[in-house]
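Structural overview
Residues per chain are reported as follows:
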Amino acid sequence: MDKNLDIDNVDLKIISLLNEDAKTPYTEIAKKVFVSSGTVHVRMRKLEDLGIVKSATLNIDFSKLGYDISAFLGIYLEKSSLYDAVIENLKQIPEVINAYYTTGNYSIFAKIICKDTNHLRTVLDNIQKVDGIDRTETLIVLEESINRPIQFFDKTGK
């Protein structure tokens, strides 16, 4: 952790609780951390101003919305200098929900979601047409076994 950031255990507890459920009211967080709801509000504003908290997100079960296929895509670039341009093009494909610049075999590792195998094929065709992409490898997800935020403390607050 950056030593210049004025973060303490109260901040970390607030982050941990909201990381589990971002919709938790500040009053409930305050009771669990043993501070006032005003303190939670002030601390959250500080964490946002420091850029530690960027946004609150939803954890969506895409399969219940008809997206039955999740896949990871290893993307090989023609040249690493094309990374920025390729990422800009991938941002235009809504089924690409995450993308990472990586070391190892792939230049980019992306996660995509699709409704079915026909939709997956169409998305893969669109991705492979992006200038700068040499080739791709697809790994279809069979099951997501772990999807959790990092825990700064155990359930007892230690």
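Residues numbered from 1 in each chain as written. Predicted model: local features only at pLDDT ≥ 70, side-chain atom pairs only at ≥ 80, totals over all residues. Heavy atoms only, no water.

An unreviewed UniProt entry lists the protein chain under the name Lrp/AsnC ligand binding domain-containing protein, from Belliella kenyensis.

1. Description of the packing of aromatic side chains
Scanning the model with the defined rule gives four aromatic pairs in all. On the basis of an interplanar angle of 70° and a centroid distance of 5.3 Å, the ring pair of Y76 and Y106 is categorised as edge-to-face. Residue Y76 is found in strand β1 (residues 69-77), and its partner Y106 is found in the loop between β2 (96-101) and β3 (108-114); the two are separated by 30 residues along the sequence. Relative accessible area serves as the criterion here: at 14%, Y76 is assigned to the buried category. (Phe/Tyr/Trp six-rings, centres within 6.5 Å; stacked < 30°, edge-to-face > 60°. Helix = DSSP H or I, 4+ residues; strand = E, 2+ residues; numbered from the N terminus. Buried < 20%, exposed > 50% of the residue type's maximum accessible area, 1.4 Å probe, protein only.)

2. So, unusual backbone geometry
One non-glycine residue, F34, lies in positive phi territory at about 65°. Mapped onto the elements of the fold, F34 is located in the loop between α2 (26-33) and α3 (37-49).

3. Structural notes on the nonpolar core
Counting 21 residues, the largest nonpolar core has I75, L90, I108, I112, I127 and I133 as its most contacted members. Broken down by secondary-structure element, the contributors of at least two residues to this core are β1, α4 (83-90), β3 and α5 (117-128). Examining the composition of this core, we find that five residues originate from one element, β1, more than from any other. Counting 13 residues, the second-largest nonpolar core is a separate cluster that includes L18, I29, V40 and V53. (Core = buried A, V, L, I, M, F, W, Y, C linked by side-chain atoms within 4.5 Å.)

4. Some details on the environment of G51
Within the element layout of this structure, G51 appears in the loop between α3 and β1. Since its relative accessible area comes to 38%, G51 is described here as partly exposed. In sequence terms G51 and T136 are 85 residues apart; their C-alpha atoms lie 34 Å from each other.

5. Examining the UniProt feature "domain: HTH asnC-type" (unreviewed entry) in the protein chain
Mapped onto this numbering, the UniProt entry gives "domain: HTH asnC-type" (unreviewed entry) at residues 7-68. Annotated as residues 7-68, this span is 53% helix and 0% strand, and its ends, taken at the C-alpha atoms, are 41 Å apart. (UniProt positions renumbered as here; feature names shortened; annotations may be inferred.)

6. Focus on the environment of E88
With respect to the element layout, E88 can be found in helix α4. Under the relative-accessibility criterion, E88 is labelled partly exposed at 43%. With 16 residues separating them in the primary sequence, E88 and F72 have C-alpha atoms 18 Å apart.

7. So, α4
Three- or four-residue spacings in an α-helix give side chains the same orientation, since the helix completes a turn every 3.6 residues. Residues of α4 that are buried: Y83, V86, I87 and L90. Angularly, the buried residues of α4 cover 100° about the axis, an arc narrow enough to put them on a single face. Against the buried residues of α4 lie β1, β2, β3, α5 and β4 (133-140). (Arc of directions from axis to C-beta. Contact = heavy atoms within 4.5 Å.)

8. Some details on the packing of helix α1 (residues 9-20) against α3
Here α1 crosses α3 at 90°, and the two axes come no closer than 10 Å. Of the possible angle classes, the one that applies to α1 and α3 is roughly perpendicular. From α1, V10, D11, I14, I15 and L18 reach across to α3, where they touch V40, R43, M44, K46 and L47. (Axes fitted to C-alpha atoms, helices over the stretch in contact; angles between N-to-C directions. Parallel < 35°, antiparallel > 145°, perpendicular 65-115°, else oblique.)

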